[in-house]
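# Summary of the model geometry
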Amino acid sequence: MNGWFLAAGALLLVAFFVHTFAGNRLYAAARPDRTSSRAYDAWLMGRCGMQMIGVDLLLAAGFLLADGAGVIPRSRGLELFLLLTYGGWTAGWLLSLAAERSEVRHYRRLRQWALFGVVALLVGIGIFR
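In this report, the structure presented in the accompanying data block is examined. All values derive from a computational prediction rather than experimental measurement. (Residues numbered from 1 in each chain as written. Predicted model: local features only at pLDDT ≥ 70, side-chain atom pairs only at ≥ 80, totals over all residues. Heavy atoms only, no water.)

### Quick look at the packing of helix α3 (residues 76–99) against helix α5 (residues 112–128)
Direction vectors running N to C along α3 and α5 enclose 155°, while the axes themselves pass 8 Å from each other. Classified by the angle between their axes, α3 and α5 sit roughly antiparallel to one another. Along this stretch, α3 crosses α5, giving a crossing that reads as left-handed. Between α3 and α5, the residues in contact are R76, E79, L80, L83, Y86, G87, W89, T90, W93, L94 and L97 and Q112, W113, F116, G117, V119, A120, V123, G124, I127 and F128, respectively. Across the contact of α3 with α5, the residue classes break down as 14 nonpolar, five polar and two charged. (Axes fitted to C-alpha atoms, helices over the stretch in contact; angles between N-to-C directions. Helix = DSSP H or I, 4+ residues; strand = E, 2+ residues; numbered from the N terminus. Parallel < 35°, antiparallel > 145°, perpendicular 65-115°, else oblique. Left-handed = near helix turned anticlockwise from the far one by under 90°. Contact = heavy atoms within 4.5 Å. Nonpolar A, V, L, I, M, F, W, Y, C, P; charged D, E, K, R; others polar.)

### Digging into the layout of surface pockets
The calculated volume of the largest pocket comes to roughly 770 Å³. Every residue lining the largest pocket is counted, 18 residues in all, and those nearest its centre are H19, G23, L26, W93 and Q112. Every element with two or more residues in the lining of the largest pocket is listed here: α1 (3–29), α2 (37–69), α3 and α5. The greatest single-element share of the lining of the largest pocket, amounting to seven residues, is contributed by α1. Of the residues assigned to the lining of the largest pocket, the class counts are 13 nonpolar, three polar and two charged. (1 Å grid on protein atoms, 1.4 Å probe; cavity = no way out; pocket = protein on both sides within 12 Å on 5 of 7 lines; lining within 4 Å. Points joined across faces, edges and corners; volume = space filled by probe spheres on them.)

Shown next as C-alpha cells:
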C-alpha cells in the first residue's frame, strides 16, 4: 500500500468528475456562434482538448489508485512520467498565466495549477518514500 499514490489518485478522480461536469458546463457557456467560423473552430478544438484532459485525469487516477493499492506491480518509469507530467503542468499553467500578465484573481479562479502541484508532490513523495 502506498497512501501517497492513493491520495493523488483520489484527487485526480475527484478532478475528473469536476472537470467532466462543471468544466463542461462552463466551457459550453463560452460557445461562439457557428457562423463565426474561426472562433467556432478554435472553440471546438478546445472542446476536444477538454475531452482529452478528462481521459488523462481518469487514466492517471486509475493507475495511481491501482499502483497505490498494490493491485498492479510498481512501475517506476510510469510513476516518474506522472510526476513529470503533473509537475510540468503546474509550471506550464503558472507560466501561461504569467505570460498573459493575468491578474491575481485569475490565479485564484484558475487554480488547477495548485491541484497539479499537489498531485506532483504526492507522487514524488510516494516514489521516494
